[in-house]
Amino acid sequence: QKEVEQNSGPLSVPEGAIASLNCTYSDRGSQSFFWYRQYSGKSPELIMFIYSNGDKEDGRFTAQLNKASQYVSLLIRDSQPSDSATYLCAVGGSNYKLTFGKGTLLTVNP
Amino acid sequence: ETGVTQTPRHLVMGMTNKKSLKCEQHLGHNAMYWYKQSAKKPLELMFVYNFKEQTENNSVPSRFSPECPNSSHLFLHLHTLQPEDSALYLCASSQGGLTSYEQYFGPGTRLTVT
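Quick caveat: nothing in here was measured; it's all calculated off a predicted structure. (Residues numbered from 1 in each chain as written. Chains lettered and ligands numbered in written order. Predicted model: local features only at pLDDT ≥ 70, side-chain atom pairs only at ≥ 80, totals over all residues. Heavy atoms only, no water.)

## Here we look at the overall build of chain B
The condition is simple: The helix and strand labels rest on DSSP assignments: H or I over at least four residues marks a helix, E over at least two residues marks a strand, and numbering proceeds from the N terminus. Only protein chains enter the calculation, and the probe is 1.4 Å; a residue is then buried if its accessible area is under 20% of its type maximum, exposed if over 50%, and partly exposed in between. Throughout, a residue-residue contact means that at least one pair of heavy atoms, one from each residue, lies within 4.5 Å.
Check the secondary structure of chain B and you find zero helices and 11 strands. Put simply, chain B runs from its N terminus to its C terminus through helices and strands in the order β-β-β-β-β-β-β-β-β-β-β. By principal-axis analysis of the C-alpha atoms, chain B measures approximately 40 × 30 × 30 Å. With 114 residues in all, chain B has 49% of them scored as buried. Considering only residue pairs separated by 6 or more positions, chain B has 53% of its internal contacts joining residues 24 or more positions apart.

Have a look at this one:
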């Protein structure tokens with residue numbers, strides 16, 4: 001049974017701070033890693049994906065992958081109240097399916 | 001807009017009704033998915049179509065019946081549902097094939113079964 005674990009939160013950070021969201025996965029054969037943002041009542045929106053060990057940056061977002069530790073994280077710099085949402089970690093293997101975590105609720109306080 | 005549309009956006013139906021959810025993707029993808037999202041539970045994969053072939057039925061009750069006439073369209077036919085089937089139903093698409101590419105979600109259909 002493939003598992004993806006996330007701290008459910010809520011994670012609360014002040015505006016302008018760095019928010020750090022973490023995810024661990026059980027399947028060592030996992031090859032692709034995704035972060036989705038989901039606002040309340042809306043559908044998940046893909047914000048980052050990473051396939052190789054190391055860091056990948058896109059604007060205020062940085063995804064970090066460590067396959068040896070089976071760990072993937074998302075850093076949000078200069079957090080804004082509009083970043084308040086649930087962040088879903090998803091992991092893919094050698095097929096077309098993704099396994100999703102339960103998500104971490106992030107609250108950015110003005 | 002992600003290029004994936006779903007209709008209707010909201011649906012209220014009785015347990016004896018028959019209704020259908022529709023999904024259309026304009027991304028040129030070859031894989032389409034139905035997910036169910038209930039409160040405080042992770043996304044549950046229901047069905048997968050890869051190049052129009054159903055490749056996954058995740059032990060979904062027969063009161064849910066998918067249909068994929070082509071790579072751009074996906075339907076979920078509903079009949080004799082139960083109140084516990086009330087949830088957000090999400091359609092997604094991806095490039096398809098044998099690799100887990102990025103999946104893009106539609107806005108979802110909020111289903112209420114009375």
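What follows picks up the thread again.
## Observations concerning the overall build of chain A
Heads up, the condition is: The globule rule is 2.2 Å times the number of residues to the power 0.38, and the radius of gyration it is compared with is taken over C-alpha atoms. Computed with the Shrake-Rupley method and a 1.4 Å probe, the accessible areas treat only the protein chains shown as cover for residues. Neither His nor the chain ends contribute to the count of charged residues, in which Lys and Arg are positive and Asp and Glu negative. Charge coordinates come from a single atom per side chain, which is NZ of Lys, CZ of Arg, CG of Asp or CD of Glu.
Check the secondary structure of chain A and you find zero helices and 11 strands. Tracing chain A from N to C terminus, the helices and strands come up as β-β-β-β-β-β-β-β-β-β-β. Taking 2.2 N^0.38 as the reference for a compact globule, 110 residues should give roughly 13 Å; the C-alpha atoms of chain A span a radius of gyration of 13 Å, in line with that estimate. When the backbone C-alpha atoms are referred to their principal axes, chain A occupies close to 40 × 30 × 20 Å. When burial is assessed residue by residue, chain A has 44% of its 110 residues classed as buried. For chain A, the share of sequence-separated contacts (at least 6 apart) that also reach a separation of at least 24 residues comes to 54%. Surface accessibility of chain A: about 5200 Å² in total, with carbon and sulfur atoms responsible for 47%. Of the charged side chains in chain A, 10 are positive and 10 negative; the average position of the first set lies 7 Å away from that of the second.

## Re the pairing of strand S3 (residues 18–25) of chain B
All names here are of chain B. The cut-off we apply is this: Whether two strands pair depends on DSSP finding at least two bridges between them.
Of the strand pairs in this sheet, strand S1 (residues 4–7) and S3 are connected by four bridges, and their pairing is antiparallel. Of the residues in S3, the one forming a bridge with threonine 5 is glutamate 24. Where S3 meets strand S8 (residues 73–79), seven bridges bridge the pair, whose relative direction is antiparallel. When the bridges of S8 are listed, leucine 21 appears paired with leucine 76.

## Here's the deal with the state of the cysteines
We apply this condition: Throughout, disulfides are identified as pairs of cysteine sulfur atoms within 2.5 Å of each other.
If you walk through the whole model with that rule in mind, you get two disulfides over all chains. Two residues share a disulfide in this structure: Cys23(A) and Cys89(A), whose sulfurs sit 2.1 Å from each other. With the S-S dihedral at roughly -75°, the linkage between Cys23(A) and Cys89(A) falls on the left-handed side. Here Cys23(A) is found in strand S3 (residues 19–25), whereas its partner Cys89(A) is found in strand S9 (residues 85–92), with 66 residues between them in sequence. With respect to class, Cys23(A) is no different from Cys89(A); both count as buried. Between the sulfur atoms of Cys23(B) and its disulfide partner Cys91(B) the distance amounts to 1.9 Å.

## Observations regarding the interface of chain A and chain B
To keep it simple, the criterion reads: Note on definitions: buried area is the accessible-area loss of two parts on being combined, 1.4 Å probe, summed for both. We define a salt bridge as a contact between a side-chain nitrogen of Lys or Arg and a carboxyl oxygen of Asp or Glu at a distance within 4 Å. We define a polar contact as two N or O atoms separated by no more than 3.5 Å, with the added condition that, inside protein, one atom must be a possible hydrogen donor and the other a possible acceptor, whereas residues neighbouring each other in sequence contribute only through side-chain atom pairs.
Contact residues are listed per partner, giving 22 residues for chain A and 24 residues for chain B. Three residues stand out in chain A for area buried against chain B, namely Tyr96(A), Lys97(A) and Phe100(A), and they jointly supply 36% of the buried area on that side. Our count for the contact surface shared by chain A and chain B stands at one salt bridge. With its nearest N and O atoms 3.1 Å apart, the salt bridge here joins Glu56(B) to Lys97(A). Scanning the region where chain A abuts chain B turns up five residue pairs in polar contact (both at pLDDT 80 or more). Looking at the side of chain A that touches chain B element by element, the count peaks at four residues for strand S4 (residues 32–38) of chain A.

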